[in-house]
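Chain and residue survey
The lines below spell out each chain.
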Amino acid sequence: MISDQILSLIPQQAPFRFVDTIDDVGEEHILGTYQFDEKAWFYQGHFPNFPITPGVILIECMAQIGLVGLGISLLLREQMMEPVRPIFTSAEVEFLQPVYPGDRVQVRSDKIYYRFKKLKCMTIMRDESGKTLCKGTLSGMMVTKNDE
């Protein structure tokens, strides 16, 4: 199943992996989930007695599911099976609602373009009720060993 294959190829690992599931994959999109662990290291100082998930972590979650996951699925469709080193190149993200410890989020990413292993996508993070938490455009490159 392509979802399991994508999960196995995402290079980020604990404690810096923000992908639990890949639920839907198509040629133009990907959909995945993550539940933020209430005991995650970044909540200790952001903010004491009223923790919220840092924006940089939200962007990382969006990028791991929406950019890396979608990029890997596109490479798999091209029959590229070698290890991938995703390189994040840019983000323009709007934060609309806070994400709290223990929240489960869903990330959907839709391809804007993909050329020469460069990917740009529109990515939206929603809560379990479907409310948009943040959204934006992410870009990156899928570098393989042959590219170095």
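All values reported here derive from a predicted model rather than from experimental measurement.

Turning next to the packing of helix H1 (residues 2-9) against helix H2 (residues 55-77). Packing of H1 against H2 leaves a shortest axis separation of 9 Å and a crossing angle of 115 degrees. The handedness of the crossing between H1 and H2 comes out as right-handed. Mapping the contact onto sequence places Ile-2, Gln-5, Ile-6 and Leu-9 in H1 and Gly-69, Ile-72, Ser-73 and Leu-76 in H2. The residue makeup of the contact of H1 with H2, split by class, is five nonpolar, three polar and no charged.

Applying the stated criterion across every chain yields a total of three salt bridges. Taking the shortest distance from any N to any O, the salt bridge between Arg-104 and Glu-128 comes out at 3.8 Å. Here Arg-104, found in strand S4 (residues 104-115), pairs with Glu-128, found in the loop between strand S5 (118-126) and strand S6 (132-144); they are 24 residues apart in sequence, far enough to count as distant. For the salt bridge of Arg-108 with Asp-110, the shortest nitrogen-to-oxygen distance reads 2.9 Å. Look at Asp-110 and you get partly exposed, because its relative accessible area is 28%.

Rules used throughout
- Going along each chain's sequence as written, the residues are numbered from 1 onward.
- Per-residue local features of the predicted model are confined to residues with pLDDT of at least 70, and side-chain atom pairs are confined, for both listing and counting, to 80 or more; whole-chain, interface and lining totals are unaffected and use all residues.
- Hydrogen atoms and water are omitted, and side-chain values are computed over all heavy atoms in the structure.
- For every element, the axis is a line fit to its C-alpha atoms; helices are fit only across the contacting stretch, and the angle between N-to-C directions ranges from 0 to 180 degrees.
- Numbering of helices and strands starts at the N terminus; helices are DSSP runs of H or I of at least 4 residues and strands are runs of E of at least 2.
- Crossings are assigned a handedness: left-handed for a near helix turned anticlockwise from the far helix by less than a right angle, right-handed for a clockwise turn.
- Pairs of residues are marked as contacts when any of their non-hydrogen atoms sit within 4.5 Å.
- Three categories are distinguished: nonpolar for Ala, Val, Leu, Ile, Met, Phe, Trp, Tyr, Cys and Pro, charged for Asp, Glu, Lys and Arg, and polar for the others, with Gly belonging to the last.
- What makes a salt bridge here is a side-chain nitrogen of Lys or Arg within 4 Å of a carboxyl oxygen of Asp or Glu, nothing more.
- Partly exposed residues are those whose accessible area sits between 20% and 50% of the maximum for their type, while under 20% is buried and over 50% is exposed, using a 1.4 Å probe and protein chains only.

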